[in-house]
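Take a look at the letters that make up each chain.
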Amino acid sequence: MSKLWEILKPDPVAIRNILNATDLHPIVATILVNRSIHNAHDAMRFLSPSLNQLRSPFSIRDMDKAVQRIFEAICRKEKILIFGDYDVDGITASACLYEFLKLAGARVLCHIPHRSKEGYGLQTLHVSSLLIPQKIQLVITADCGSGSHEAVIAAKSNGIDVIVTDHHRISSPITGAIAVINPNREGCSSGLGHLAGVGVSF
């Protein structure tokens, strides 16, 4: 099979403008222009990012509901379970949530399912074998949950609230969850659909 290479041809004027205003190497300036960064200000923001550049997390649909429910759980000393995915994204998303909630004084546990024994995502078996026996009152998923419709309903019917944090596409609305924090869900205009699960958790 023959390959067809397409070499980007960045705008030389944009490269020159960045070089004239910075001490960047020409290769770095070229790479930036190839990534649609066309001026020195945007180049330096990209190369030296700051937390002040982040969009408000409340631009993600349901964030206010999730924050309120987590706040209540911390104040009431409820048992919170972070239910993460077993891949790198899910583990880092779980660690991010766990570390924050611990620092906030929450009673928090974490569960990463066994890939072959438990499978992917929150399932009804987890409600009966994990959530109920551990007396969990709030579950926060990390990098999963967008397809866990039956498990969310089962948890709710047992008095357990669920907050979904995920970035995977949602095929149909999740009924029964307190909040669905997913920038790729319908009706979310945050513009953060590029985030991985750990970015959503953060």
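Before reading on, note that the structure itself is shown above.
Residues numbered from 1 in each chain as written. Predicted model: local features only at pLDDT ≥ 70, side-chain atom pairs only at ≥ 80, totals over all residues. Heavy atoms only, no water.

(A) Looking closely at unusual backbone geometry. At Asp62, a residue that is not glycine, the phi angle is positive and equals roughly 75 degrees. With respect to the element layout, Asp62 can be found in the loop between α3 (40–47) and α4 (63–75). A relative accessible area of 12% places Asp62 in the buried class. Unlike most non-glycine residues, Asp143 shows phi in positive territory, near 70 degrees. (Helix = DSSP H or I, 4+ residues; strand = E, 2+ residues; numbered from the N terminus. Buried < 20%, exposed > 50% of the residue type's maximum accessible area, 1.4 Å probe, protein only.)

(B) Representation of the packing of helix α6 (residues 124–131) against helix α7 (residues 149–157) within the structure. Viewed as axis vectors pointing N to C, α6 and α7 meet at an angle of 40 degrees, and their least axial separation amounts to 7 Å. Taken as axis vectors, α6 and α7 run oblique relative to one another. Taken together, the residues of α7 that come into contact with α6 (itself represented by Thr124, Val127 and Leu131) are Glu150, Ala151, Ala154 and Ala155. Residues belonging to the contact of α6 with α7 are distributed by class as follows: five nonpolar, one polar and one charged. (Axes fitted to C-alpha atoms, helices over the stretch in contact; angles between N-to-C directions. Parallel < 35°, antiparallel > 145°, perpendicular 65-115°, else oblique. Contact = heavy atoms within 4.5 Å. Nonpolar A, V, L, I, M, F, W, Y, C, P; charged D, E, K, R; others polar.)

(C) Up close: α6. What α6 keeps buried is the set His126, Val127, Leu130 and Leu131. One side of α6 carries all its buried residues, which in axial view fall inside an arc of 110 degrees. (Arc of directions from axis to C-beta.)

(D) Examining the layout of surface pockets more closely. Approximately 840 Å³ is the volume found for the largest pocket. Contributing to the lining of the largest pocket are 30 residues, with Pro57, Gly199, Val200, Ser201 and Phe202 lying nearest its centre. Mapped onto the lining of the largest pocket, the elements with two or more residues apiece are α4, α5 (88–103), β4 (161–165) and α8 (197–201). Looking at the lining of the largest pocket element by element, the count peaks at five residues for α4. Looking at the lining of the largest pocket residue by residue, the class counts come to 22 nonpolar, six polar and two charged. Considered as a void within the structure, the second largest pocket measures approximately 180 Å³ in volume. The wall of the second largest pocket is formed by Arg61, Ile170, Ser171, Ser172, Pro173, Ile174, Val180, Arg185 and Glu186. Classifying every residue of the lining of the second largest pocket gives four nonpolar, two polar and three charged. (1 Å grid on protein atoms, 1.4 Å probe; cavity = no way out; pocket = protein on both sides within 12 Å on 5 of 7 lines; lining within 4 Å. Points joined across faces, edges and corners; volume = space filled by probe spheres on them.)

(E) Just the side chain of Arg185, in detail. Within the secondary structure, Arg185 is located in the loop between β5 (179–181) and α8. Of the polar contacts made by the side chain of Arg185, one reaches the side chain of Asp62; its length is 2.8 Å. A polar side-chain atom of Arg185 sits 3.0 Å from the main-chain carbonyl oxygen of Val180. In this view, Arg185 contacts Arg61, Asp62, Ile170 and Val180; residues no more than four positions away in its chain are not counted. (Polar contact = N/O pair within 3.5 Å; in protein donor to acceptor, adjacent residues only side chain to side chain.)

(F) Fine view of the sheet that holds strand β1 (residues 79–84). An order of β2-β1-β3-β4-β5 is seen for the five strands of this open sheet, with the pairing classed as parallel. Strands at the two margins of the open sheet, each flanked by one partner only, are β2 (107–111) and β5. Neighbour-to-neighbour, the strand axes of the sheet open up by a mean angle of 20 degrees, direction not taken into account. For β1 and strand β3 (residues 138–142), the ladder comprises five bridges, and the chain directions are parallel. Bridging across to β3, Ile80 finds its partner in Leu138. (Pairing = 2+ DSSP bridges.)

(G) Examining the packing of aromatic side chains more closely. Going through the model one piece at a time under the given rule, you end up with one aromatic pair. Seen from their ring centres, Tyr86 and Tyr120 are 6.4 Å apart, and the 80 degrees between their planes marks the pair as edge-to-face. Of this pair, Tyr86 sits in the loop between β1 and α5 while Tyr120 is found in the loop between β2 and α6, placing the two residues 34 residues apart along the sequence. Overall, Tyr120 belongs to the partly exposed group, its relative accessible area being 40%. (Phe/Tyr/Trp six-rings, centres within 6.5 Å; stacked < 30°, edge-to-face > 60°.)

(H) Structural view of the pairing of β4. Taken across its five residues, β4 has four buried, putting it largely inside the fold. Relative to β4, β3 runs parallel, the two being bridged by three bridges. Bridge pairing in β4 links Val139 to Val162. Note that the unit made of β3, α7 and β4 has a crossover that is right-handed. Sheet analysis places β4 next to β5, joined by three bridges and oriented parallel. Along β5, the bridge assignment pairs Thr165 with Ile181. (Right-handed = clockwise from strand over helix to strand, strands pointing away.)

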